Each structure stands twice: as C-alpha cells, then as structure tokens.
Amino acid sequence: MSTETTSEEHTSERGLVDRLFASPFLTDLLSNRLALIGLGIIGMLVVVALYARFVMIGGLTPDLTPIVSSKLGTAPSMQGPCGSSKVGQSIQNAGNCPYPFGTDIQARNIFDRVLYGSWLALKWGTVTVGISTVLGVGLGTLAAYYGDVTDNVIMRTMDVLLAFPSLLLALALVAIFGPSLTNAVIALVLVYTPRFARVVRGAALKVLEDEYVDATVALGATDPRILVKHVLPNSLAPITVQSTLNFGLAIIDLAALSFLGFGAQAGTPSWGAMLSEGVNYGLLSGQWWWSFFPGLFLAVTVLGFNLLGDGMRDALDPRMRETVD
Amino acid sequence: MTSKRFILKRLLLLVPVLLGVATLVFAILHLSPGNPARVIAGARASEAFVQRIENDLGLNDPIWIQYGRFLGDVVTFDFGRSYTVRQGTPVSTVLQTFFPTTLELALLGQLFGILIGLPLGVLSAVKQDSLTDHFTRIGALAGISVPIFWSGPLLIMLFAVQLDLVPTSGRLGVAYDNPEITGLITVDTLLVGDIPAFVDAAQHLALPALVIGIYATALISRMMRSSMLEVIRQDYMRTARAKGQGAKITVMKHGFRNALIPVVTIIGIQFGSLLGGAVLTETVFNIRGIGTLLVEAIQSGDYPVVQGTVLLFALLFTLVNLGVDITYSYLDPRIDQ
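Thresholds applied
Residues numbered from 1 in each chain as written. Chains lettered and ligands numbered in written order. Predicted model: local features only at pLDDT ≥ 70, side-chain atom pairs only at ≥ 80, totals over all residues. Heavy atoms only, no water. UniProt positions renumbered as here; feature names shortened; annotations may be inferred. Helix = DSSP H or I, 4+ residues; strand = E, 2+ residues; numbered from the N terminus. Buried < 20%, exposed > 50% of the residue type's maximum accessible area, 1.4 Å probe, protein only. Contact = heavy atoms within 4.5 Å. Expected span 1.5 Å × (residues − 1). Bend = angle between axes of the 7 residues up to and from the residue. Buried area = accessible area lost by both parts, 1.4 Å probe. Salt bridge = Lys/Arg side-chain N within 4 Å of Asp/Glu carboxyl O. Axes fitted to C-alpha atoms, helices over the stretch in contact; angles between N-to-C directions. Parallel < 35°, antiparallel > 145°, perpendicular 65-115°, else oblique. Left-handed = near helix turned anticlockwise from the far one by under 90°. Phe/Tyr/Trp six-rings, centres within 6.5 Å; stacked < 30°, edge-to-face > 60°. Polar contact = N/O pair within 3.5 Å; in protein donor to acceptor, adjacent residues only side chain to side chain. Patch = residues over 30% accessible without salt bridge, like charges linked within 9 Å, V, L, I, M, F, W, Y side chains within 5 Å. Areas by Shrake-Rupley, 256 points an atom, 1.4 Å probe, with all protein chains shown as cover. Lys, Arg positive; Asp, Glu negative; His and termini not counted. Charge placed at Lys NZ, Arg CZ, Asp CG, Glu CD.

The name given to chain B in an unreviewed UniProt entry is ABC transporter permease, with the source organism recorded as Halomarina rubra. According to the UniProt record, the Subcellular location (unreviewed entry) comment for chain B is "Cell membrane". Chain B has a UniProt comment under Sequence similarities (unreviewed entry) that states "Belongs to the binding-protein-dependent transport system permease family."

Chain A is annotated in an unreviewed UniProt entry as ABC transporter permease of Halomarina rubra. Quoted verbatim from the Sequence similarities (unreviewed entry) field of the UniProt record, the comment on chain A reads "Belongs to the binding-protein-dependent transport system permease family." Looking at the Subcellular location (unreviewed entry) heading of the UniProt record, one finds this comment for chain A: "Cell membrane".

Put into structure tokens, the structure is as follows:
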C-alpha cells in the first residue's frame, strides 16, 4: 500500500464496525468479567423496560392508569411483599403472589411501578446523555479545530459551568425553569455538556496533530469533511466511555432531582419519585418495601453502567485514569 | 517547592471564572419567573405597594445598572435580604447560620473517606488480583453506585428504627442546648464541656456522616488503587527494593507520596459531589443545613437565598480546586514549571 493511501481511503474501505472489531478494544472488553456483568445488567434492564412499556402497559398511547393512579378496591393498601411477615398485614401466599414487591398507601402495585420506572430511567437517561453528547461533541470539536477566539469563548463558558458542583447547578437551573421531569433533563444537559466538550476537545486536539489530517488538508478537504470524516471517528472511543459513565450518573441525578421534588412529580412511577414517597411516608412506620425496591433497581442499574464504563475505560487505555465526579 | 508565581497565576485565572459564575447567578435571578416584589409583598398586596417595593429593590433600574450593583454587592458578600421564611434577614447572616452544619457533615464524611479509603486503596493495589482486591473494588464500585437517598433511609431503618441505636433525624436532641460558638455542634459542646450534649450530637451525626463517608471512601479507594498500581511499576520502586529496602517501607516511603498526587485531585473534585451529597443527606436526615436551606428557598421562591447559596458553593468549590492545584505543585514540583 503506497503512502498516498491516506485514512481517507481507510475510512471508506473499512467501516467503523470493522475497525472496532479489528482493535484490541473489543477483545479486551469482552475478556473483562466485571464489564460483562455490567453489560448483562444493562441488557436485562432494557428487556424489562421494553416489556413494561410495550407488553405490560401496551399500545402506543399507553394506559398508565393502573400504575399512575390507584385502583382502589382491587388491591389492599400497604400490603407487604411476598414472604414478608409484617405484623398486622396479611402474608401473601407464596404460591399466589400478585404483589411481589407489596403495595403502597394508594394500593398501587409497587412491582409494576418499579418495572415501568426502568422504562422512564432508560428513556430519560438516553435523552439526557444523548443531547449532552451531541452538544459536547459539537462544541468540543469546534473549539479544538478553530482554536483561538472560538476555543476561548467555548471553553471559558464551559469552565464557568464546571465551576459549580453538578447537582447544585442543576438545582439552581430547575429554580429558573420550574420543577418538572423535562426541565430536570434540560438542567442536567447543561450540567453534563461541558464535561463532554472538554473530553472531546482533548481527543480532537490529539487527532488534529496527526500528519494524515495535514495530508487531507493539503488534498483540499473542506472543514466539515475533516471534522466528520477524521476528527469525529477518531475521538469516538473516549466519547463512548464518557457517555457510558455519564449514563449511570444521569439516572442517579435525575432520580435525585425527583427525590428532592424538582424532577418527576409525585405520582409518577419514576424511581426517584417513588423513593421520595416511600421515604417520606413509609420509612418510620415500617413500610420498608415502598422505598426499598425502587432504590434497589436504581442502584443495580447505576452499578451496571459503572461496571461497563470502567471496563471500557480499562480496555481503551489501562493507564487512562481520568475520573468523572 | 511552590512558587509564588504559580499561585498568583492560578489566582488571576480565577477572576474570569468567578465573574462568569456571578453573571450566571445574576441571570438566574432575572430569568426566574415571578416578581420578587410580589413574593415579598404577598399575594394580596396592592399594586402600589408592590411598585414601592420594586423601586426599593431597584428592580425598575436598567438591567446593566442592576448588574453593576449586583457585582458590587457580591464583592462585599452582600447578597441582599431573604424574601420569605427568614424575611428581612440578610442572606449572609442566613448562610452563616446554616453553613457550619453542612461543613461539619461534609468534613466528617471526607475525613472518614480519607482514613478508610487511602489504606484500602493501597492494600488493594499491593495485593492486586487477590480476594481482598476484588472485594475492595466491587465494594467501591457499589459505593459510588448506591444513591445516598437510598442508603440513607436503609441505614435509618436498620440502626435507628430496628436497633434503636441512633436517632432518626435532626442534629441535636431538644433536651440539650446548642452553645453556638463555632457552629460545629460537636466542637461547641466539647468547648463548653457538655459531654452528654456532645454524645447526643455525635449520635445524631453518625449516620449522615457514614452515608457521605461511604461514598467518599469508594471514590478515594478507587483512585488510590489505580494510582498506586501505576507507581508500583516505576523504576525507582524497583531500585529501592534492589537496594535492599523492605517492601513495606518502599511502598510507604516512595510509593505513597507519588501515588497521592492524582488522589489529591480527586479529593478536591469530589468535594463538589460531597456538597451535592450534603443536600440529599440533609434532606434524608432532616438536618437544617445549607442543603435543606437551598431546597426550601427554591420551593418558596426566595431568590436572594438561592443566589447566595449557589454563589457560596461555587466559590468554595473553586477555592478547594485552587487549593488542590497548590497542594499538587507542592507534591510534584515539576507541575508549576
């Protein structure tokens, strides 16, 4: 192969998927047991979420009544989970267990609500991380590529956003927008975007130093072409790692905002809102299951993303130690 | 050693960031829905009264005059007066009252994290791939994955409700006086020699500090492990061992200090998460600190308090990071060049 065969042709000959399989990244990742466990957790969660959204609730316009409001009269309220022997409450028969996680004060089936919560967590987690990634990648590559004033304006703005502890900035932003799940997502996007921008800028600067980029410039490639064809694909790995680790963080932060009453509002079957209700009304009176199960699902989900993210980071560069807070 | 020029440079770099922070916080107040004058006056106040308050607050001045005045106020730590619950109290006084509680909580949690996390990280690295290492790693990962607003209630359920070892919420039992000298209740009760009150305060603090401490431990031990692993493979470690120095002394004398550098950074960065964690912990344990203050202020539309709290947090966070950079250059003199 002659030296003229620059990455321009490389990219067209070998697609992204081929490149991924050829790199030691995937083999490293697949030999990491903890990362596989993480992948397994996320896989199961996706199945549960899809089941909850499309089978349990069904239809394109889902009937959320049974999980959002109570169906009083059909279920006993404050029923303990299967096998629990809470004094004053009937023990559910082991063989016949309609409420595996018990019911809350409004006689809502906590099991159904927790399952639907995984759909909400994945959906809003994807939206939050997706938008922050796109914005961060855009701003980061622009800053790296154009440098000078563009770089300074973008990165100094990011510095200001990074000067706030993340949850507090999100809280302050929610104070402007008003409490709701959508506004919590917008606030978190503004909080996460700078992190992506910084990671991407660093990765892009590295790529831009490579000689093949100079070669493509010499061949007359336009700015957008260089950015999309060369800079972006080659910065993909750190972006993916950052997205995965941030996914867990996004789910936990969204739940935290909901827990504080600034995200999903009371009654919504989101894990954070359920935890809030369970802690406020069920904790001291002994109804532990009300907050236990939503929290368990939340913790295991975040663990899954952290396991996978950690594994990806190790596979990408065992010495890369940059942690996100 | 640390050069004055380096510190000066870092301090100067701080100015634009802090100016940006102040501008953003100013924008928060002015983009917020609702009229502050209306919040102060109450829903049934007459239009004339609301307008009088607007004039008093200078809300009818051009925005750039308001902005200039705001910057002047910020420099003198004058954040205005609280609108609602503590109506008329200067925000700086409100912050002074609530801040020590949060500081006490965050510091104790951080201390817990450092005391347990550092040795765990070193142990985990020295015994890489052993059972100890696996347990520490998985434990640490679980520690950062479990949300504070879940682990907190679980601990309350176990230690406060079931075992009745500690109180479920608050900072000090009603039977005891809060001496209010430094604002740190455990310190104050000791200063006046009120041992029963100190024990009570410590019992109240135990669970919330544990919750924050677990999170801090997890972060620090993870960082310490990976940092130590890298240092262990360095040539100077092998040289020290080749000289005949014992393994333990080599790890402590040469390894620890070098491995500590990135860990100091993470301790600084996580201070921000700890402050965020304090908001959640205070809510869970019903502690009257800056965190619960902020949440209440947002709920009641008390924007000067929101503004003051957020500014204070940002300032603290930035200063801690500056402190980290300086410590960093002290630990590794090559940095400031």
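Caption draft 1: Up close: the overall build of chain A. The helix and strand tally for chain A stands at 14 helices and 0 strands. Starting at the N terminus and walking to the C terminus, you meet the elements of chain A as α-α-α-α-α-α-α-α-α-α-α-α-α-α. Burial status across chain A gives 53% buried among its 325 residues. For chain A, the share of sequence-separated contacts (at least 6 apart) that also reach a separation of at least 24 residues comes to 71%.

Caption draft 2: Structural detail: helix α7 (residues 148–162) of chain B. Its 15 residues place the ends of α7 of chain B 20 Å apart at the C-alpha level, agreeing with the 21 Å of an ideal helix rising 1.5 Å per residue. Of all the bends in α7 of chain B, the largest measures some 25° and sits at Ile-156 of chain B. Listed in full, the buried residues belonging to α7 of chain B are Ile-148, Phe-149, Trp-150, Ser-151, Gly-152, Pro-153, Leu-155, Ile-156, Met-157 and Ala-160 of chain B. Those residues of α7 of chain B hidden inside the fold are in contact with α12 (236–259), α13 (271–282) and α14 (289–316) of chain A together with α9 (195–232) and α11 (247–285) of chain B. In the stretch just after α7 of chain B, Asp-164 of chain B is the one whose phi turns positive, near 55°.

Caption draft 3: Structural view of the interface of chain A and chain B. Facing the 43 residues of chain A at the interface are 51 residues of chain B. Each partner contributes to the roughly 4100 Å² buried at the junction of chain A and chain B, and carbon and sulfur atoms together form 79% of this total. Run the count over chain A and chain B and you get 1 salt bridge. Among the ionic pairs, Arg-222 of chain B bridges to Asp-310 of chain A, the shortest N-O distance being 2.8 Å.

Caption draft 4: Examining the UniProt feature "transmembrane region" (unreviewed entry) in chain A more closely. All names here are of chain A. UniProt feature "transmembrane region" (unreviewed entry): in the numbering of this structure it lies at residues 34–52, 124–147, 167–192, 245–268 and 288–309. Helix makes up 100% of residues 34–52 and strand 0%. Its end C-alpha atoms lie 27 Å apart. Annotation note: span residues 288–309, helix share 95%, strand share 0%, distance between end C-alpha atoms 31 Å.

Caption draft 5: Spatial organisation of the packing of helix α8 (residues 166–177) of chain A against α12 of chain A. Residues and elements named next belong to chain A. It is the contact of α8 with α12, at a shortest axis distance of 11 Å, that shows an interaxial angle of 50°. It follows from the interaxial angle that α8 and α12 lie oblique. By crossing handedness, the relation of α8 to α12 is classed as right-handed. Only Asp-253, Ala-256 and Leu-257 of α12 make contact with α8, whose side of the interface consists of Ser-166, Leu-167, Ala-170 and Leu-171.

Caption draft 6: How the structure looks around the packing of aromatic side chains. In this structure the tally under the stated criterion is 9 aromatic pairs over all chains. Ring geometry for Phe-259 of chain A against Phe-149 of chain B: centres 4.9 Å apart, planes inclined by 25°, an arrangement best described as stacked. Separated into two different chains, Phe-259 of chain A in helix α12 and Phe-149 of chain B in helix α7 make up a pair that spans both. Overall, Phe-259 of chain A belongs to the buried group, its relative accessible area being 7%. For Phe-149 of chain B, a relative accessible area of 1% puts it in the buried group. Relative to Trp-290 of chain A, the ring of Tyr-281 of chain A has its centre 6.5 Å away and its plane inclined at 35°; by these criteria the two rings are tilted. Relative accessible area serves as the criterion here: at 57%, Tyr-281 of chain A is assigned to the exposed category. Among the residues examined, Trp-290 of chain A registers a relative accessible area of 3% and is labelled buried. Here a set of aromatic residues connected by ring pairs shows up, and it is made of Phe-292 and Phe-293 of chain A together with Trp-150 of chain B.

Caption draft 7: Geometry of unusual backbone geometry. Positive phi is not limited to glycine here, since Asp-148 of chain A has a value of about 45°. Turning to its location among the elements, Asp-148 of chain A is positioned in helix α7 (residues 148–162). Even without being a glycine, Asn-286 of chain B presents a positive backbone phi close to 55°. Note on placement: Asn-286 of chain B falls in the loop between α11 and α12 (290–300). Owing to a relative accessible area of 49%, Asn-286 of chain B belongs among the partly exposed residues under this scheme.

Caption draft 8: Inspection of the environment of Tyr-146 of chain A at higher detail. Residues and elements named next belong to chain A. By the element assignment, Tyr-146 lies in helix α6 (residues 110–146). The spatial distance from the C-alpha of Tyr-146 to the C-alpha of Asp-223 is 9.6 Å, given a sequence separation of 77 residues. Looking at Tyr-146, its side chain comes within polar contact range of the side chain of Asp-223, at 3.1 Å.

Caption draft 9: How the structure looks around the packing of helix α5 (residues 91–126) of chain B against α9 of chain B. For the pair α5 of chain B and α9 of chain B, interaxial distance at closest approach is 5 Å and the crossing angle is 35°. In this structure, α5 of chain B meets α9 of chain B at a crossing whose hand is right-handed.

Caption draft 10: Quick peek at the environment of Tyr-67 of chain B. Residue and element names in this part refer to chain B. Residue placement: Tyr-67 occurs in helix α4 (residues 63–75). Classification of Tyr-67 as partly exposed rests on a relative accessible area of 23%. When neighbours within four sequence positions are excluded, Tyr-67 is seen to be in contact with Leu-19, Thr-23 and Phe-26.

Caption draft 11: Structural context of a negative patch on the surface. On the surface, Glu-209, Asp-210, Glu-211 and Asp-214 of chain A cluster together into a patch of negative charge. Looking at the secondary structure, you find Glu-209 of chain A in helix α9 (residues 181–209).

Caption draft 12: Structural context of the UniProt feature "domain: ABC transmembrane type-1" (unreviewed entry) in chain A. Within the UniProt annotation, "domain: ABC transmembrane type-1" (unreviewed entry) is assigned to residues 118–309 of chain A. Within residues 118–309 of chain A, the helical portion is 84% and the strand portion 0%, while the C-alpha atoms at the span's ends are 19 Å from each other.

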